[in-house]
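# Residue-level structure breakdown
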Amino acid sequence: MKTMRSIALAALGYFAIVFGAGFALALVRVPLLVPKVGERYAELIEMPIMLAVILWAASRMVRSVPAFTRAQRLLAGLLALLLMLAAELAVAFAAGAASVKQVILERDPVSGAAYAVCLLVFALAPAVRRSRPRT
């Protein structure tokens, strides 16, 4: 039971770092980039930054719980993904989306596909990162 609590806490921390970074970047992207380059390109410009945040946060999580097995790190990543999807839907509904279907179908096909890849990396990154001793 203690292990499940540790996995849940690791997932929550991992999610919080990545969601917080994404939220902060959106505060820049939406008012500054979208009017100049459009939503598709603004999202694509943001993605490498988010991927770097994801990899950094996954490394931090793995270092914080070095005793986790790969399966436990994968479980933490999948739980963090569920939290991310729930938060993304909550934000979309707060912004006026009417349904889950609307949130999914109204994404730009190019940046939406790139976003889906980012979500996959987000879910899997903790499982593929290796714990290295701090120097």
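Check the entry above for the structure.
Because the structure is predicted, anything quoted here is derived from the model rather than measured.

About the criteria used
Residues numbered from 1 in each chain as written. Predicted model: local features only at pLDDT ≥ 70, side-chain atom pairs only at ≥ 80, totals over all residues. Heavy atoms only, no water. Helix = DSSP H or I, 4+ residues; strand = E, 2+ residues; numbered from the N terminus. Buried < 20%, exposed > 50% of the residue type's maximum accessible area, 1.4 Å probe, protein only. Expected span 1.5 Å × (residues − 1). Bend = angle between axes of the 7 residues up to and from the residue. Contact = heavy atoms within 4.5 Å. Salt bridge = Lys/Arg side-chain N within 4 Å of Asp/Glu carboxyl O. Phe/Tyr/Trp six-rings, centres within 6.5 Å; stacked < 30°, edge-to-face > 60°. Axes fitted to C-alpha atoms, helices over the stretch in contact; angles between N-to-C directions. Parallel < 35°, antiparallel > 145°, perpendicular 65-115°, else oblique. Left-handed = near helix turned anticlockwise from the far one by under 90°.

### A short note on the environment of Pro109
Tracing the sequence through the fold places Pro109 in helix α5 (residues 109-128). Its relative accessible area of 63% is what places Pro109 among the exposed residues. Taking the C-alpha atoms as reference points, Pro109 and Glu43, separated by 66 residues in sequence, lie 12 Å from one another.

### Some thoughts on helix α2 (residues 39-64)
Here α2 is 26 residues long and its end C-alpha atoms lie 36 Å apart, about the 38 Å a rise of 1.5 Å per residue gives. Along α2, the sharpest change in direction is near 30° and occurs at Met47; proline Pro48 comes one to four residues later. Along α2, the residues that are buried comprise Ala42, Glu43, Glu46, Met47, Met50, Val53, Ile54, Ala57, Ala58, Ser59, Met61 and Val62. Elements that come into contact with the buried residues of α2 comprise α1 (2-37), α3 (70-94) and α5.

### Points about the pattern of salt bridges
If you walk through the whole model with that rule in mind, you get two salt bridges. Among the salt bridges present, the one from Arg40 reaches Asp108, with a minimum N-O distance of 2.8 Å. One end of the pair, Arg40, is in helix α2; the other, Asp108, is in the loop between α4 (100-105) and α5, with 68 residues separating them in the sequence. Judged by its relative accessible area of 24%, Asp108 is partly exposed.

### Things to note about the packing of aromatic side chains
Applying the stated rule across the entire model yields three aromatic pairs. Aromatic side chains Phe15 and Phe19 sit 5.4 Å apart centroid to centroid with 25° between the ring planes, which places their arrangement in the stacked category. One end of the pair, Phe15, and the other, Phe19, are both in helix α1, four residues apart, so they sit about a helical turn from each other. In this structure an aromatic cluster arises from ring pairing among Phe15, Phe19 and Phe23.

### Overview of the packing of α3 against α5
Here α3 crosses α5 at 150°, and the two axes come no closer than 6 Å. Compared by their axis directions, α3 and α5 come out roughly antiparallel. Read as a crossing pair, α3 and α5 show a hand that is right-handed. Note on element contacts: α5 touches α3 through Tyr115, Leu119, Phe122, Ala123, Leu124, Pro126, Ala127 and Val128, opposite Arg70, Arg73, Leu74, Gly77, Leu78, Ala80, Leu81, Met84, Leu85 and Glu88.

Read these as layout, nothing more, since geometry by itself doesn't imply function.
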